[in-house]
Amino acid sequence: MLTKFETKSNRVKGLSFHSKRPWILASLHSGVIQLWDYRMGTLIDRFDEHDGPVRGVHFHKSQPLFVSGGDDYKIKVWNYKLHRCLFTLLGHLDYIRTVQFHHEYPWIVSASDDQTIRIWNWQSRTCISVLTGHNHYVMCASFHPKEDLVVSASLDQTVRVWDIGALRKKTVSPADDILRLSQMNTDFFGGVDAVVKYVLEGHDRGVNWASFHPTLPLIVSGADDRQVKIWRMNDTKAWEVDTLRGHMNNVSCVLFHARQDIIVSNSEDKSIRVWDATKRTGLQTFRREHDRFWILAAHPEMNLLAAGHDSGMIVFKLERERPAFSVSGDALFYVKDRHRWGSYELYVIPKDSYGRGDIVQEAKRGIGSSAVFVARNRFAVLEKTSNQILVRNLKNEIVKKSSLPIGTDAIFYAGTGNLLCRSDDRVVNFDLQQRIVLGDLQTSFVRYVVWSPDMESVALLSKHSIVIADKKLVHRCTLHETIRVKSGAWDGNGVFIYTTLTHIKYCLPNGDSGIIKTLDVPVYITKIYGSTIFCLDRDGKNRPIIIDSTEYIFKLSLIRKRYDQVMSMIKNSELCGQAMIAYLQQKGFPQVALYFVKDERTRFNLALESGNIEKALESAKKIDEKDHWYRLGVEALRQGNAGIVEYAYQKTKNFERLSFHYLITGNLDKLSKMMKIAEVKNDVMGQFHDALYLGDVRERVKILENAGHLPLAYITASVHGLHDIAERLANELGDNVPSLPGGKQASLLVPPSPVLCAGDWPLLMVSKGIFEGGLDDTGRGVDEDYEEEAADADWGEGLDIVEVANLQNGDVSLVLDDEAVHEENDEEGGWDLEDLDLPPDAETPKTAPNARSSVFVTPTPGMPVSQIWVQKSSLAAEHAAAGDFDTAMRLLSRQLGVKNFSPLKLQFIDIHMGSHTYLRAFTSAPVISIAVERGWNDSATPNVRRPPALVFNFSQLEEKLKAGYKATTAGKFSEALRHFLSILHTIPLIVVETRREVDEVKELVVIVKEYVLGLQMELKRRELKDNPVRQQELAAYFTHCNLQVPHLRLALLNAMTVCFKAQNLSTAANFARRLLETNPSNENQARTARQVLQAAERNMRDATQLNYDFRNPFVVCGATYVPIYRGQKDVTCPYCCTHFVPSQQGQLCTVCDLSVVGADASGLLCSPSQMR
């Protein structure tokens, strides 16, 4: 049984699949009808107008309708597009058990506890027939898929088959008066248009279900006597064929599978049973622990089944439909209808043997959970019990045995002599010859592995994600899909083409993806040749599919900077659409997007974004809207294009900006005209400003006088020496002449003349980009030297700019300056790197570096937001934010084994306080607490509550990580330890959005754990003044922590110094060699290491024996600081994954100080995406 979808709800009593869409209706005992998308796993809609349980539900085959019947005696017909009930059919006098639409006529059949079956016309909304005859509850009734028959099952221990041929004839020719007369007494006596054809007796108890075979004259029934019976019928009679026994309680539902020769039944004994309809024997049984089954439904087109039980429903398949296949060169080998688990069969296929292999050859068999070829005449078999690989030859003889580095449940081919070993959360590339790990990658559970033809790239396909990596398993990109990923293959351009249930898609090397084609049915890609995809469907048929690769080839050319191809494709292809424009904008190529667009508004936006002012002007003229002219003016001003600025301001009649523009460009003639325009428009302030800009005092006095401001006009005239005007104004003012302050020297304020009068700003001379000119003049041919031009074009070269926020996974040498190590020393004494008493430097060799109502109705109080947060989430951080610390602690205990919550106390308080804000309403009223929601905006739906806003985020941890790195470099180990522990204590309360961020959080836990363990050992070493042997061991163990390269160099230098001083020259030489392998940029470090090597070569011995073997891989116990070598038993912390000796089982982890060592835990849960 392959479960595809599962829900948790009230008891499910009715189920119905949609014939075309991936939808299923579930009617519940609570009275709610749910509409689910089983492919996406989402609830689309809910309908809750029934009063009491809804026992029957059914989708119409072609109309957007479904019908439901419940314990309220009502049959309701719904339109799921309108999200409402269209009408209700009344007539039954007791509970309605089942309802079903007819496949052809506008009929509904319903079965009820009132002992009748009714047939309704849903178009006329009337009952057209009542089938009476049962003398107990009728448990189900359904139409025959092709003939004019109805089958019903009743608790009177019978199954009845009804002939409704007369009803069909009456529907086709309703003018017959005799038939119409009978309609009057239908409701009381039953109609003559439906008669009992057969009564099937044989069950000892009430019959719960009966259903027709889709094509054969067979009926299957299930009853409270725990038996499933098969019946056959012909034109005159029906008889029992066989009885299937096995259920331990009442059989609830039974049906024939639509596409296979099997019967599926379920029961109140909490099991689903599958029976062979031909041999009449049990094939499979699937049980639930606590839930009784009530209903079954089969998809009309696909191999899908659904079953409803006490606490929800499941959608499932009985077996996988993917054909087993393998591609070898240009040949495809695949197997149909052969399933054998836990073993392998080795066949030798004759060369040049193509077509169907009908000759059954003798196979060499063996036991194993995975088998793959690793060479021309060798294949590897995984022996899961011993976690070993057995390499066998073509005679099936064991040639070699090899233990695997991780607990492996499947192996995949990874090149000659190499294997990909899969565990639950990681994949390892293992070299069988050298028995070493070539690469390691953490990923979700991998189902399929697809190598590129050159074996340089690999795609790891999981249920809902694809990870692209190189041959050494270095991560390149991760794609997440909401719908299941089915298959994939590499095309000749290095693009990965893959299929989901509904689409063929592509993935580019940089992680960009898109849809190539929509699929009607799932297919499995086997090979790609050019634009043809060869694939297998679920029936095992080989199908070629032609695809249009233009879009992804165009994007690939952009990524690889093949601008000649980009040019050619722009000129010759129809690459248009909003998606392509958005892509080019997102990738920083708006100037390219400009050539795809016909819509002037989009062209205008792209032209502005790319700074192409001429193209923007062309579009603005065609659009001719004020807003566009304004935006054009802003951009033209930024570029200093005075002509276009002036034109844009003129079009918008923005006279103030225009006047100021003439001022700064020194165009005084036009400024004078602007003053006259202002005078004509009676714009006094505009006229006055223009006069100020021009320094025209007489005009200013005139404006003030005309505006009635005589005192201001008088002062202006007097100050500027216009005495004749001043006298005239003084006479008009009489006694109100304002006095002027004495002893002041007046001066005329005239705006300074601009250095550059008119004209555009001078621009730098730059060479044209590849698209400028080349695309404007499409008549010209493509030059042969485009590639050379592209090299010089301003397309953004790869600058050596470091994104500090992303440094946690890479070399931190840019942040951690090796040179600064000796400059900072505090009370901890830094790294203790002092000079050694070495012999004179004897030419040491150097290594090369690499309706409203008037009545007020009190609103009903809603549920508090914090309560909604708790109900909706399984994330500890969101429970803490809601103030429910108890459940937050229980969640952390279950997920991470956390027992010591003392370090988390402050974080809990901060996260709760930070997700609420507090308002004072009145002085006497209490403070109102308001929940702050994450990602809220004005357009948010008021009834939909978002998760809490959290004070901790991932970027804060990155800042702390950098601070920890810096303190480590400076030798401030106590401070660094505080930073790293703070990160470990914050991560359990971090919430991120995407699966990629979840992986980053988990990676951060591992990074920080290594530093905490290493720094704890180093601080412990410094306390041990009188134990030189233990000091050397701890310094040595520190070098085996997974540190950043600059810190590893310092740790190696430290260990080398300590061991050299203690005369352990052989061990010191090992550290020196490892230090030189890191290619230190500090020449002093390199010189010291070479000198130590030279000194050690003369006397390669150790004065004291250390508990340290660098040749044997080990991890360090986080409590006792002793090595745990490979093969030795250990226990781990469920949170930080630190290893401990078995005696530490049940103790508190000394590294994270939170979790119990060896505790059972489900793992870190920090994103809603992990719960979908």
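Quick caveat: nothing in here was measured; it's all calculated off a predicted structure. (Residues numbered from 1 in each chain as written. Predicted model: local features only at pLDDT ≥ 70, side-chain atom pairs only at ≥ 80, totals over all residues. Heavy atoms only, no water.)

Quick word on the overall build of the chain
Applied cut-off: Helix numbers and strand numbers start at the N terminus; a helix is a DSSP run of H or I with at least 4 residues, a strand a run of E with at least 2. Exposure was quantified through the Shrake-Rupley algorithm and a 1.4 Å probe, taking into account, for residues, occlusion by the shown protein chains and nothing else.
Helix and strand counts for the chain stand at 29 helices and 57 strands. Put simply, the chain shows about 59800 Å² of open surface, and 50% of that area lies on carbon and sulfur atoms.

Some details on a nonpolar patch on the surface
We apply this condition: Here a patch means residues that are over 30% exposed by relative accessible area and free of salt bridges, tied together within 9 Å if like-charged and within 5 Å if nonpolar (Val, Leu, Ile, Met, Phe, Trp, Tyr). The rule for a salt bridge is simple: a side-chain nitrogen of Lys or Arg has to be within 4 Å of a carboxyl oxygen of Asp or Glu. We call a residue buried when its accessible area falls under 20% of the maximum for its residue type, exposed when it is over 50%, and partly exposed in between, using a 1.4 Å probe and counting protein chains only.
Together, Leu906, Ile909, Met913, Tyr918 and Val927 give the surface a local cluster of nonpolar side chains, amounting to about 470 Å² of exposed area. Residue contributions to the nonpolar patch peak at 3 residues, all from helix α22 (residues 905–914). For Ile909, the location among the structural elements is in helix α22. The class for Ile909 is partly exposed, based on a relative accessible area of 35%.

Re the UniProt feature "repeat: WD" (unreviewed entry) in the chain
Applied cut-off: UniProt positions are given in the numbering used here, feature names are shortened, and annotations may be inferred rather than shown by experiment.
UniProt annotation of "repeat: WD" (unreviewed entry) refers to residues 47–88, 89–130, 131–164, 200–241 and 244–285 when read in the numbering used here. Along residues 131–164 one finds 0% helix and 59% strand; the C-alpha atoms at either end are 10 Å apart.

Structural notes on the pattern of salt bridges
Side-chain pairs of opposite charge can arise whenever the charged atoms involved come near each other. Per the stated rule, a full pass over the model turns up 32 salt bridges. Glu456 is the salt-bridge partner of Lys471, the closest N and O atoms lying 3.2 Å from each other. Of this pair, Lys471 sits in the loop between β43 (465–470) and β44 (475–480) while Glu456 sits in the loop between β41 (446–451) and β42 (457–462); the two residues are 15 residues apart in sequence, bridging distant segments of the chain. The class of Lys471 is partly exposed, set by a relative accessible area of 38%. A relative accessible area of 35% means that Glu456 is categorised as partly exposed. Taken together, the shared-partner salt bridges connect Glu6, Lys8, Arg288 and Asp291 into one network.

Considerations on the sheet that holds strand β25 (residues 281–287)
Strands belonging to one sheet form pairs held by backbone hydrogen bonds; the direction of such a pair is parallel or antiparallel. Threshold: Paired strands, in this sense, are two strands between which DSSP finds at least two bridges. Interaxial angles span 0 to 180 degrees and are taken between N-to-C directions of axes, which are lines fitted to C-alpha atoms, for helices over the stretch in contact.
Taking strand neighbours across the sheet as the criterion, the 4 strands line up as β22-β23-β24-β25 in an open arrangement whose pairing is antiparallel. Since the sheet does not close on itself, it has two edges, and those belong to β22 (251–256) and β25, each with one partner. Within the sheet, the average angular offset between the axes of one strand and its neighbour, ignoring direction, is 20°. Relative to strand β24 (residues 271–276), strand β23 (residues 262–267) runs antiparallel, the two sharing 5 bridges. The partner of Asn266 across the bridge, within β24, is Ile272.

Some thoughts on the pairing of strand β2 (residues 12–17)
Judged by how many residues are buried, β2 sits mostly within the fold: 6 of 6 residues are covered. Sheet topology places β2 next to strand β3 (residues 23–28); 5 bridges connect them, and they run antiparallel. Across the sheet, residue Leu15 finds its bridge partner in β3, namely Ala26.

Digging into the nonpolar core
Nonpolar side chains tend toward joint burial in soluble globular proteins. As a reminder, the rule being used: Among buried residues, those of type Ala, Val, Leu, Ile, Met, Phe, Trp, Tyr and Cys that are joined through side-chain atoms within 4.5 Å constitute a nonpolar core. Contact criterion: two residues are considered in contact whenever any of their non-hydrogen atoms come within 4.5 Å of each other.
Counting 99 residues, the largest nonpolar core has Leu892, Phe980, Leu984, Ile987 and Tyr1135 as its most contacted members. Counting residues per element, this core draws most heavily on helix α25 (residues 995–1023), which supplies 12 residues. Non-local contacts of Leu984, meaning those with residues more than four positions away in its chain, are made with Val1005, Val1008, Val1012, Tyr1135, Val1151, Cys1152 and Leu1154. Membership of the second largest hydrophobic core comes to 57 residues, among which are Leu15, Cys140, Ala210 and Trp231.

As for the sheet that holds strand β5 (residues 42–47)
Reading across the sheet, the 4 strands line up as β2-β3-β4-β5 and stay open at both edges, with antiparallel pairing between neighbours. The sheet terminates laterally at β2 and β5, the two strands that pair on one side only. Across the sheet, the mean angle from the axis of one strand to that of its neighbour is 20°, orientation sign disregarded.

Concerning the packing of helix α23 (residues 954–969) against helix α24 (residues 973–986)
For any two helices packed against each other, one specifies the inter-axial angle together with the distance between the axes. The condition is simple: Here roughly perpendicular refers to angles of 65 to 115 degrees, roughly parallel to angles under 35, roughly antiparallel to angles over 145, and oblique to all remaining angles. In this scheme the crossing of two helices becomes right-handed for a clockwise turn of the near helix relative to the far one and left-handed for an anticlockwise turn of less than a right angle. Note that Gly is not counted as nonpolar here; it falls among the polar residues with everything else outside the nonpolar set of Ala, Val, Leu, Ile, Met, Phe, Trp, Tyr, Cys and Pro and the charged set of Asp, Glu, Lys and Arg.
Here α23 crosses α24 at 160°, and the two axes come no closer than 8 Å. One way to sum up the angle between α23 and α24 is to call them roughly antiparallel. The crossing of α23 and α24 is left-handed. Two secondary-structure elements touch here, α23 through Leu957, Lys960, Leu961, Ala963, Gly964, Tyr965, Ala967 and Thr968 and α24 through Phe973, Glu975, Ala976, His979, Phe980, Ser982, Ile983 and Thr986. Among the residues making up the contact of α23 with α24, the classes are represented as 9 nonpolar, 5 polar and 2 charged.

Focus on the packing of helix α8 (residues 600–610) against helix α10 (residues 626–639)
The geometry of α8 relative to α10 is characterised by a closest axis approach of 11 Å and an angle of 15° between their N-to-C directions. In terms of axis orientation, α8 runs roughly parallel to α10. In this structure, the crossing between α8 and α10 has a hand that is left-handed. Facing α8, whose interface residues are Arg601, Phe604, Asn605 and Leu608, α10 presents His628, Arg631, Leu632 and Glu635. Tallied by class, the residues present in the contact of α8 with α10 amount to 3 nonpolar, 2 polar and 3 charged.

Observations regarding helix α29 (residues 1083–1098)
Quick note on the threshold: Under the convention used throughout, the expected extent of a helix is 1.5 Å for every residue step, that is, one less than its residue count. Polar contact criterion, stated in full: a pair of N or O atoms within 3.5 Å, where within protein one must be able to donate a hydrogen and the other to accept it, and residues adjacent in sequence count only if both atoms are side-chain atoms.
Taking 1.5 Å per residue as the helical rise, α29 with its 16 residues ought to reach 22 Å, and the 23 Å between its terminal C-alpha atoms agrees with that figure. Of all the positions in α29, only Gln1085, Ala1086, Ala1089, Arg1090, Gln1091, Val1092, Leu1093, Ala1095 and Ala1096 are classed as buried. Structurally, α29 contributes buried residues whose contacts are with α27 (1045–1061) and α28 (1065–1077). For α29, the N-terminal capping position is held by Asn1082, with its side-chain oxygen 3.0 Å away from the main-chain nitrogen of Asn1084.

With respect to the environment of Leu722
In this structure, Leu722 sits in the loop between α16 (710–719) and α17 (723–733). A residue is classified by how much of its surface remains accessible, and Leu722, at 12% relative accessible area, is buried. Placed 21 residues apart in sequence, Leu722 and Val701 show a C-alpha to C-alpha distance of 9.6 Å. In this view, Leu722 contacts Val697, Arg698, Val701 and Ala717; residues no more than four positions away in its chain are not counted.

Quick word on the packing of aromatic side chains
Basically, it comes down to this: The pairing test for Phe, Tyr and Trp rings, Trp by its six-membered ring, is centres within 6.5 Å, and the orientation test on the planes gives stacked under 30 degrees, edge-to-face over 60, and tilted for anything in between.
One pass over the full model with this rule turns up 28 aromatic pairs. Residues Phe17 and Tyr38 carry aromatic rings whose centres are separated by 5.7 Å and whose planes lie at 85° to one another, so their mutual orientation is edge-to-face. Of the two residues, Phe17 is situated in strand β2 and Tyr38 in the loop between β4 (33–37) and β5; the sequence distance between them amounts to 21 residues. For the pair Trp23 and Tyr80, a centre-to-centre distance of 5.2 Å together with 85° between the ring planes defines the contact as edge-to-face.

Details of the side chain of Lys76
Within the secondary structure, Lys76 sits in strand β8 (residues 75–79). Engagement of the side chain of Lys76 in a polar contact is seen with the side chain of Thr88, the distance being 3.3 Å. Excluding residues that lie within four positions of it along the chain, Lys76 makes contacts with Glu49, His50, Phe66, Val67, Ser68, Cys85, Phe87 and Thr88.

Things to note about unusual backbone geometry
What you tend to see is this: most non-glycine residues have negative phi, and most peptide bonds are trans. The phi torsion at His83 lies on the positive side, around 60°, for a residue other than glycine. Exposure remark for His83: the relative accessible area of 52% places this residue in the exposed category. With phi around 50°, Asn1079 is a residue other than glycine that occupies positive phi space. Mapped onto the elements, Asn1079 comes out in the loop between α28 and α29. Since its relative accessible area comes to 26%, Asn1079 is described here as partly exposed.

Some thoughts on helix α15 (residues 697–706)
Because the α-helix completes a turn every 3.6 residues, residues three or four places apart line up on one side. Along α15, the positions that sit buried rather than exposed are Val697, Glu699, Arg700, Val701, Ile703 and Leu704. In the core, the buried residues of α15 are packed alongside α13 (668–680), α14 (684–694), α16 and α17. A distance of 3.5 Å separates the backbone nitrogen of Arg698 from a side-chain oxygen at the start of α15, and that oxygen is part of Asp696. Positioned one or two residues after α15, Gly708 has a phi angle of 90°, which is positive.

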